[in-house]
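Close look at the chain arrangement
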Number of protein chains: 2
Amino acid sequence: MSYERRPMSIEQKSFEIITQEMGSAIDAFDATLQPVVKRVIHTTADFEYTDLLDFSDDAVQSTFDALKSGCKIYCDTNMIVNGLSKVALGKFSCKPYCLVSDEDVSKEAKERGVTRSIVGMEHAAKDPETKIFLIGNAPTALYTLLEMIKSGDCAKPSLIVAVPVGFVGAAESKEEVLKYDVPYIRVRGRKGGSTVAVAILHGLIYQIFQREGI
Amino acid sequence: MSYERRPMSIEQKSFEIITQEMGSAIDAFDATLQPVVKRVIHTTADFEYTDLLDFSDDAVQSTFDALKSGCKIYCDTNMIVNGLSKVALGKFSCKPYCLVSDEDVSKEAKERGVTRSIVGMEHAAKDPETKIFLIGNAPTALYTLLEMIKSGDCAKPSLIVAVPVGFVGAAESKEEVLKYDVPYIRVRGRKGGSTVAVAILHGLIYQIFQREGI
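About the cut-offs
- Residues numbered from 1 in each chain as written.
- Chains lettered and ligands numbered in written order.
- Predicted model: local features only at pLDDT ≥ 70, side-chain atom pairs only at ≥ 80, totals over all residues.
- Heavy atoms only, no water.
- UniProt positions renumbered as here; feature names shortened; annotations may be inferred.
- Helix = DSSP H or I, 4+ residues; strand = E, 2+ residues; numbered from the N terminus.
- Contact = heavy atoms within 4.5 Å.
- Expected span 1.5 Å × (residues − 1).
- Buried < 20%, exposed > 50% of the residue type's maximum accessible area, 1.4 Å probe, protein only.
- Axes fitted to C-alpha atoms, helices over the stretch in contact; angles between N-to-C directions.
- Parallel < 35°, antiparallel > 145°, perpendicular 65-115°, else oblique.
- Left-handed = near helix turned anticlockwise from the far one by under 90°.
- Least-squares fit on C-alpha atoms with pLDDT ≥ 70 in both.
- Pairing = 2+ DSSP bridges.

- Chain A carries the name Cobalt-precorrin-8 methylmutase in an unreviewed UniProt entry, which gives Sulfurospirillum diekertiae as its organism.
- The UniProt entry for chain A carries the following text under Pathway (unreviewed entry): "Cofactor biosynthesis; adenosylcobalamin biosynthesis."
- In its Sequence similarities (unreviewed entry) section, the UniProt entry covering chain A states "Belongs to the CobH/CbiC family."

This is the structure in structure tokens:
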């Protein structure tokens, strides 16, 4: 069978195709956001994300600063932790983690009759070293984070990637983000997911590498 | 903020919404396939998968038999391994694994100038205990598996989940599957991904649990 077997060629060709098919639609985004948009489409093969992605003005700079400070990154699924490039994050001494499979968290969630995502977020958001939050699965995790920001139980994050996917609360929770003065990248509506969350952070990280010659 | 915090209610309501919005479109699928279709939509919030999912007639029964035999499951990303329910697979003594981050595999891929997905699959497909293949990322992994089946270097799999995502070879590799007499579940076109691969196997597994009262 005849097909492309070389990894760099595949990646390069993919982005060429995406750029070509997007045409002028990419111009709707600031130059620093374009790599993020393209990487999400690379991950999903779904051009609808061009219309669904939404960024706060301060999201990119705030994320750059947080990454360079070597912050912790809370992820609402272990799949996100697993999907993030350890090599890339290692260059900033940034540590991704997830608590939903933690034994204490599972036990507490069961006792209280709430999702493990809620309890996991309650613990993570209290840690001042955790400045970036990647939420690709659970609206309840996003709601909990927002409540804690409001009540002052959590310092203002450097970035919320608000991309929980689904049919119960996902779209609503992502609208709620707009009420807060906090750097965010979100997907409007029901779509999103763990792979989308990973793509967004990678889009930002690879851009810093390029900019700073890392 | 008022939102649903109970895990079982969220899952149940999600599937009720999916069932309602799909309407009669679900009738296009056999009863044993319907839970798989719904779970993919639950994971992606993308109803287009109703038109993109395609199953061979023998896929469900063949997968059930393989799972009950306690086979190994090769996944083309670590995200898939991570996303699969360890509790569920443990009930069948099935073991998911991925080789793309294996040191020897990385070294060999670099030396040969091919993707790690190719080399990982070459090793996995030679193992007769590996009967289920979940391919959510790399067309090159899928092509390699098909070539090995053709050449006789790999026994006929019990299931190929052919859902690599992307722009270079993804759609083409998933058409190639049709030329083989092998049980498959695939997504036509460019879409797919690690979360889709996980959803498909979970859809099958939870159905066995329900059917057999596990």
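Details of the environment of alanine 45 of chain B
- By the element assignment, alanine 45 of chain B lies in the loop between α2 (34-44) and α3 (49-52).
- When the C-alpha positions of alanine 45 of chain B and isoleucine 160 of chain B are compared, they lie 23 Å apart, and in sequence the two are 115 residues distant.
- Excluding residues that lie within four positions of it along the chain, alanine 45 of chain B makes contacts with Val165, Gly166, Phe167, Arg190 and Lys191 of chain A.

Quick notes on helix α9 (residues 139-151) of chain B
- Taking 1.5 Å per residue as the helical rise, α9 of chain B with its 13 residues ought to reach 18 Å, and the 18 Å between its terminal C-alpha atoms agrees with that figure.
- With 10 of 13 residues buried, α9 of chain B lies mostly within the body of the structure.
- Looking at the buried residues of α9 of chain B, the elements they touch are α1 (7-22) of chain A together with α8 (116-125), β4 (130-135), β5 (159-162) and α10 (170-176) of chain B.
- Just past α9 of chain B, the residue glycine 152 of chain B takes up positive phi, approximately 85 degrees.

Here's the deal with the packing of helix α7 (residues 103-112) of chain B against α8 of chain B
All names here are of chain B.
- At their nearest, the axes of α7 and α8 sit 8 Å apart, and the two run at 125 degrees to each other. Classed by the angle they form, the pair α7 and α8 counts as oblique. Classified by chirality, the crossing of α8 by α7 is right-handed. In this structure, α7 uses Val105, Ser106, Glu108, Ala109 and Arg112 to contact α8, whose residues at the interface are Arg116, Ile118, Val119, Gly120, Glu122 and His123.

Quick word on the relation of the copies chain B and chain A
- At an RMSD of 0.0 Å, chain B and chain A line up after a rotation of 180 degrees and a shift of 0.0 Å along the axis. Given the turn and translation reported, the copies of this chain are related as if by a two-fold rotation axis. Of the C-alpha atoms belonging to chain B, the one lying closest to the rotation axis is found on methionine 79 of chain B, 2.7 Å away.
- Most of the interface of chain B is mirrored in chain A, where 100% of its interface residues again form contacts.

Overview of the pairing of β4 of chain B
All names here are of chain B.
- Extensive coverage of β4 is indicated by the burial of 5 of its 6 residues.
- As defined by bridge partners, β4 adjoins β5 across 4 bridges and the pair is classed as parallel. Opposite isoleucine 135, over in β5, you have alanine 162 as the bridge partner.

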